[in-house]
Structure formats: C-alpha cells, structure tokens
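Single-letter residue listing:
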Amino acid sequence: MSSTFQEKLNKKWQEKKFLCINLDPVFEKLPAHLQTLPIEEALTSFNKEVIDKTKDLVAAYKPNSAYYEAYGEAGYRALKKTAEYMQSTCPDVVTILDAKRGDIGHTNEMY
C-alpha cells in the first residue's frame, strides 16, 4: 500500500529531514559535459545526479514547471522522466510540482 503525501512528509520530519530541493535546471548553466547532450537528456541527467546525491537527506523535491516548459516537448519529457526516476529511486520522498504563474525573477522569464 502506498503512503499518502502527508504520511510521507510526517515520516521524513520524524527522521529530522526538512530539506526541500528545487529541481529547476537551466540548460545554459548546466555543467559543460551535460551541455553537449540533447536538452531532454541533459536536464534529466542533471536531475538524476542531484537526486542520487541527496535522496537520503531530503523530505521533498520540487521541480518548477517553468524550467521544463521553456524547452517545449523536450522539457516536458525531461520532467516526466525526472518524476518517474524519483518515483522509482526514492518513492518515500514527497514530490511537489511548482506550477504557479506570475512568479518573480528568472522563473517568470522562463514562462
């Protein structure tokens, strides 16, 4: 039986894990070795690296839809692959999709 959002979050808090990591990749700011890949693969690979290095430390991951929407279909596929990876790799970690509009700064530029 799968746990609810609140059950997952409560469990992480009991473990003293309060960290939420944003997954907001910008292709042009990725490490040089990832910028040689197609956008979908680069964004997904970057996210997987972050997840692999932090999954034992976090309560939640929060991808921001703007950072994927900006890259069109490749971005949507990267977000889907990232979500699938989180579910298979760390199903006990909460995922929050940040899909607000009218944001500030760089996020608003990505829209």
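The structure contained in this document is the topic of the report that follows. (Residues numbered from 1 in each chain as written. Predicted model: local features only at pLDDT ≥ 70, side-chain atom pairs only at ≥ 80, totals over all residues. Heavy atoms only, no water.)

## Brief notes about the overall build of the chain
Then, number 1: Across its full length, the chain carries 5 helices and 3 strands.
Then, number 2: Going from N to C terminus, the chain has its helices and strands arranged as α-β-α-β-α-α-β-α.
Then, number 3: The C-alpha radius of gyration of the chain comes to 14 Å, within 12% of the 13 Å expected for a compact globule of 111 residues.
Then, number 4: Overall, the C-alpha framework of the chain stretches about 40 × 30 × 25 Å when taken along its three principal axes.
Then, number 5: Burial analysis of the chain (111 residues in total) assigns 40% to the buried set.
Then, number 6: By sequence separation, contacts in the chain at least 24 residues apart represent 75% of the contacts at least 6 residues apart.
Then, number 7: Just so you have it, the chain exposes about 6,500 Å², and 57% of that area is on carbon and sulfur atoms.
Then, number 8: A gap of 5 Å separates the mean positions of the 15 positive and 16 negative side-chain charges of the chain. (Helix = DSSP H or I, 4+ residues; strand = E, 2+ residues; numbered from the N terminus. Rg over C-alpha atoms; globule rule 2.2 N^0.38 Å. Buried < 20%, exposed > 50% of the residue type's maximum accessible area, 1.4 Å probe, protein only. Contact = heavy atoms within 4.5 Å. Areas by Shrake-Rupley, 256 points an atom, 1.4 Å probe, with all protein chains shown as cover. Lys, Arg positive; Asp, Glu negative; His and termini not counted. Charge placed at Lys NZ, Arg CZ, Asp CG, Glu CD.)

## Comments concerning the nonpolar core
Then, number 1: Among the nonpolar cores identified, the biggest contains 22 residues, and Leu23, Ile51, Tyr61 and Tyr68 are the most heavily contacted of them.
Then, number 2: Elements with a minimum of two residues in this core: β1 (19-23), α2 (39-54), β2 (58-63), α3 (66-69) and α4 (72-89). (Core = buried A, V, L, I, M, F, W, Y, C linked by side-chain atoms within 4.5 Å.)

## Considerations on the sheet that holds β1
Then, number 1: Reading across from one edge, β1-β2-β3 is the order of the 3 strands in this open sheet, with parallel pairing throughout. Looking at which strands have only one partner, the edges of the open sheet turn out to be β1 and β3 (94-95).
Then, number 2: The pairing of β2 with β3 spans 2 bridges and is parallel. Its bridge partner being in β3, tyrosine 61 is matched across the sheet by threonine 95. (Pairing = 2+ DSSP bridges.)

## Topic: the pattern of salt bridges
Then, number 1: For the structure on display, the rule yields 9 salt bridges.
Then, number 2: The salt bridge partner of lysine 17 is glutamate 15, with a shortest N-O separation of 3.4 Å.
Then, number 3: Residue classification places glutamate 15 among the partly exposed positions, given a relative accessible area of 30%.
Then, number 4: Put simply, arginine 77 and glutamate 73 hold a salt bridge, and the shortest N to O gap is 3.7 Å. Linking arginine 77 with glutamate 73, this pair stays in helix α4, spanning 4 residues, or about one helical turn.
Then, number 5: Residue glutamate 73 is classed as exposed on the basis of its relative accessible area, which comes to 62%.
Then, number 6: The network of salt bridges with common partners includes Lys11, Lys12, Glu15, Lys17 and Asp92. (Salt bridge = Lys/Arg side-chain N within 4 Å of Asp/Glu carboxyl O.)

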